[in-house]
Amino acid sequence: MAWYLVNALFFQSALFALIPSRAKAAILRGFGAKVGPGLVCKPRVTIKYPWLLEIGAHVWLGERVWIDNPGPVRIGAHVCISQGVRIVTGSHDWARGDFRFFARPIEIGDSAWITAHRVLRPGAVVPPRVVVLGDVSAGDGRGPRAASDGASSEGGVR
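Each chain has its residues counted from 1, following the order in which its sequence is written. Local features in this predicted model are restricted to residues of pLDDT 70 or higher, and side-chain atom pairs are both shown and tallied only at a pLDDT of 80 or more, whereas totals for entire chains, interfaces and linings draw on every residue. Note that water and hydrogens are dropped before the side-chain values are worked out from all heavy atoms of the structure.

(A) The confidence of the model for the protein chain, seen in detail. Counting all residues, the mean pLDDT for the protein chain is 88, and 87% of those residues have values of 70 or more. pLDDT is a residue-level measure of predictor confidence that goes from 0 to 100. Any pair of residues with heavy atoms lying within 4.5 Å of one another is described as a contacting pair. Low pLDDT, under 50, characterises residues 140-155; the stretch is placed with 25 contacts to residues that sit more than four places away or in other chains.

What follows is the structure, given as structure tokens:
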């Protein structure tokens, strides 16, 4: 319950969310997240379970990022997660009559860039130095295409 109140006041709120990112990092650590130095956490970020979250050094979480993580999320160092990105580790199996819930970890490699308003679904893996240009699902059969310098508009995970 304490986390839900803290999340609503200091992360999701437009006013209280203006506290410095280093304070937000300390709060996340207090709730069990592993957070490296240099976190930039913009206002209106939602994190469901910080105790299942690992964030590397010098990570940027843009405004309205939503980390819905009933399963583990590992974000490497020097990663940019742009505004409006949704990282979702859990869902329901629509192929089953009981819609059984499942969760799969998500991993984002070092120096990756998740562009604005993308969705990373349960089990997604983003390799290091990749620009994500579309939504990512585990085992979608297409496989990632890496941008060699992290800035190419031709590469990336689509």
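(B) Representation of helix α1 (residues 2-12). Exposed residues in this analysis have more than 50% of their type's maximum accessible area, buried residues have under 20%, and partly exposed residues fall in between, with area computed by a 1.4 Å probe over protein chains only. Working definition: helices are DSSP H or I runs of at least four residues, strands are E runs of at least two. Numbering for both runs from the N terminus. Within the sequence span of α1, burial applies to W3, V6, N7 and F11. All buried residues of α1 lie within an arc of 105 degrees about the axis, which places them on one face of the element. Those residues of α1 that are buried are in contact with α2 (21-30), β2 (40-41) and β3 (46-47). The arc in question is the one traced by the directions running from the helix axis out to the C-beta atoms.

(C) Quick look at the packing of aromatic side chains. Aromatic rings from Phe, Tyr and Trp, taking only the six-membered ring of Trp, are treated as a pair when their centres fall within 6.5 Å; an angle between ring planes under 30 degrees marks them as stacked, one over 60 as edge-to-face, and anything in between as tilted. Tallied over the entire structure, the rule returns three aromatic pairs. Judged by centre distance (5.5 Å) and plane angle (55 degrees), the ring pair of W3 and F11 falls under tilted. Both residues of the pair, W3 and F11, count as buried. Here the aromatic rings of Y49 and W51 are separated by 5.3 Å at their centres, their planes lie at 45 degrees, and the arrangement is tilted. Note on W51: relative accessible area 44%, which makes it partly exposed. Grouping aromatic residues by their ring pairs yields a cluster made of W3, F11 and F31.

(D) Quick peek at the nonpolar core. In this description, a nonpolar core means a group of buried Ala, Val, Leu, Ile, Met, Phe, Trp, Tyr and Cys residues linked to one another through side-chain atoms lying within 4.5 Å. In this structure, I75, I81 and I108 are the most contacted members of the largest nonpolar core, which totals 34 residues. At the level of secondary structure, the elements contributing two or more residues to this core comprise α1, α2, β4 (53-55), β7 (73-75) and β12 (106-108). For I108, the residues in contact, after removing those within four places along its chain, are R74, I75, G76, V79, I81, I87, I114, L120 and V126.

(E) Here's a closer look at the sheet that holds β7. Two strands qualify as a pair provided DSSP detects at least 2 bridges between them. Read across the sheet, five strands follow the order β1-β4-β7-β12-β15 without closing on themselves; strand pairing throughout is parallel. Only two strands of the sheet have a single neighbouring strand rather than two, namely β1 (34-35) and β15 (125-126). Two strands pair when backbone bridges link them, and β12 and β15 are joined in this way by two bridges, in the parallel orientation. Considered in β15, the bridge of E107 is made with V125.

(F) Seen up close, the sheet that holds strand β16 (residues 131-132). The sheet built from five strands is open, its strands ordered β2-β5-β8-β13-β16 with parallel pairing. Two strands in the sheet have a free side with no partner beyond their single neighbour: β2 and β16. Alignment of strand β13 (residues 113-114) against β16, held across two bridges, turns out to be parallel. Bridge assignment links I114 to a residue of β16, and that residue is V132.

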